[in-house]
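Descriptive analysis of the structure
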Amino acid sequence: MAETMKALVYRGPEKIGIEDVPMPQIVEPDDAIVRVTTSTICGTDIHIWHGGMPEVEAPRIIGHEFVGEVVAVGPAVRNSKVGDKVAVSCVTQCGECFYCVRGIYSHCTTGSWIFGYMIDGCQAEYVRVPHANLGLFTVPEGLTEEDVLFVGDILSTGYFGAENARIEPGDTVAVMGSGPVGMCAMATARLWGPARIVAVDMIQERLDAAVKHGVADIGLNPAKVNVAEALREMTGGRGADRTIEAVGAKGTYELALDAVRPGGNVSMIGVFEKPQSLPMNTLWIKNIQINMGLVNANRIPELINLIQTGKINMNFLCTHRAPLNDILKGYDVFGNKKDNCLKWVVTPYVK
Ligand SMILES: [Zn+2]
Ligand SMILES: [Zn+2]
């Protein structure tokens, strides 16, 4: 194999570019090296690009949502072999530390954690995957890479948000934010049998896409209607049974708290850059439950099953595709929400 590869390297806020970097190597016995065949740009990458995540130290290869082919494995890797097509969990997990044995993989203490954050990521030709026994999932025959592209990150995150919302059959679920993560939360919220899923977003095209592709039943645009009032109107004056915040911004945060009915649940999966306040004087009496956190990505096999049987299909999110060579254009188009871009799919570098 070559000594170097192409990768998108973060050098500091607003400073990213394609560079020649050393090929990743097997370091630990349970490492695998994966050739990245399809990856994406995620909203978190945009936060990193703008310097919103100061924990990310330069130089760092960004990117954490990908599918690829195993090209090398360490001697302790049992669950994958060279040549396997795999979807990869964005959260690496040792399976043995205090948090992993409790299923809280997002806080694994072995120090590897998320790709493109604490360790080098997937906007590259190859990536080193620590703890490969737990983080690689074989892509079943008959499924394309794009079919399973989102299982390791945004679809797991959407599922985590829907699971934390404690949805019951017949509920009205409102998802604040109809971006890719919000739409994944809507698609997985369906699994609990709600009566209606309401998408909320300022971008009308995103609401239309959510309804057109069946992940939401109704779209509400805060620029046109009072969303909390509209939700109360459709629920006998009560408000949504469950709300999910999938943006990480003040407006959607406050709406998620305001629009939920007494005794309901609020689930936060948006990535916030700034502190927010909890209006306890009005919230306390509502008896709501609030859940939040970083995805544990512990449902990837089930999500692949659901995709295989047609219960979940997020392919419509793949609105743009271009090779790694053109990824800076992707940061501009996806990052600035241009051209109705929902997801920028990155295909291999073209020499
Ligand atoms: Zn992500
Ligand atoms: Zn662990």
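Every value quoted in this text rests on a predicted model; they were computed, and no experiment measured them.

A separate point is the coordination of the zinc ion (ligand 2). At the metal site, the zinc ion (ligand 2) is ligated by Cys 94 (SG), Cys 97 (SG), Cys 100 (SG) and Cys 108 (SG), and these contacts range over 2.3 to 2.4 Å. Around the zinc ion (ligand 2), the four donor atoms are arranged such that angles at the metal cover 104 to 118°; this shape is classified as tetrahedral. Under the relative-accessibility criterion, Cys 108 is labelled buried at 7%.

As a further point, take the sheet that holds strand β2 (residues 15-22). A sheet is described by the order of its strands in space; here three strands give the open sequence β2-β1-β4, paired in antiparallel fashion. Both outer strands of the open sheet, β2 and β4 (60-61), are each paired with one neighbouring strand and no more. The sheet contact formed by strand β1 (residues 4-12) and β2 spans eight bridges and is antiparallel. Note on β2: the bridge partner recorded for Met 5 is Val 21.

Quick look at the domain arrangement of the protein now. When cut into domains, the protein gives domain 1 (4-153 + 297-347) and domain 2 (158-292). Relative placement of domain 1 and domain 2: their C-alpha centres are 27 Å apart. For the pair domain 1 and domain 2, the two sides together bury roughly 1500 Å², of which 74% comes from carbon and sulfur. Its largest share of buried area at the contact with domain 2, domain 1 owes to His 47, Phe 316 and Leu 342, together 32% of the area lost on that side. The interface formed by domain 1 and domain 2 includes one salt bridge. Taken together, the connections running from domain 1 to domain 2 amount to two residue pairs in polar contact (both at pLDDT 80 or more). Mapped onto the side of domain 1 that touches domain 2, the elements with two or more residues apiece are α1 (43-49) and α11 (300-308).

The parallel open sheet is built from six strands, whose spatial order is β11-β10-β9-β12-β13-β14. Strand pairing shows two members of the sheet lacking a second neighbour, β11 (218-220) and β14 (289-292), which therefore form its edges. Across the sheet, the mean angle from the axis of one strand to that of its neighbour is 20°, orientation sign disregarded. Bridge count for strand β9 (residues 172-176) against strand β12 (residues 240-245) is four bridges, and the pairing is parallel. Paired with Met 176 across the bridge in β12 is Glu 245. Along the sheet face, helix α5 (residues 154-164) touches β12, β13 (260-268) and β14 and points at about 155° away from the line of β13.

Rules behind the numbers
- Residues numbered from 1 in each chain as written.
- Chains lettered and ligands numbered in written order.
- Predicted model: local features only at pLDDT ≥ 70, side-chain atom pairs only at ≥ 80, totals over all residues.
- Heavy atoms only, no water.
- Donors = N, O, S within 2.8 Å, 3.2 Å for Na, K, Ca; no water.
- Tetrahedral: all angles 85-135°; square planar, octahedral: opposite > 155°, others 65-115°.
- Buried < 20%, exposed > 50% of the residue type's maximum accessible area, 1.4 Å probe, protein only.
- Pairing = 2+ DSSP bridges.
- Helix = DSSP H or I, 4+ residues; strand = E, 2+ residues; numbered from the N terminus.
- Domains from an automatic or database assignment.
- Buried area = accessible area lost by both parts, 1.4 Å probe.
- Salt bridge = Lys/Arg side-chain N within 4 Å of Asp/Glu carboxyl O.
- Polar contact = N/O pair within 3.5 Å; in protein donor to acceptor, adjacent residues only side chain to side chain.
- Axes fitted to C-alpha atoms, helices over the stretch in contact; angles between N-to-C directions.
- Contact = heavy atoms within 4.5 Å.

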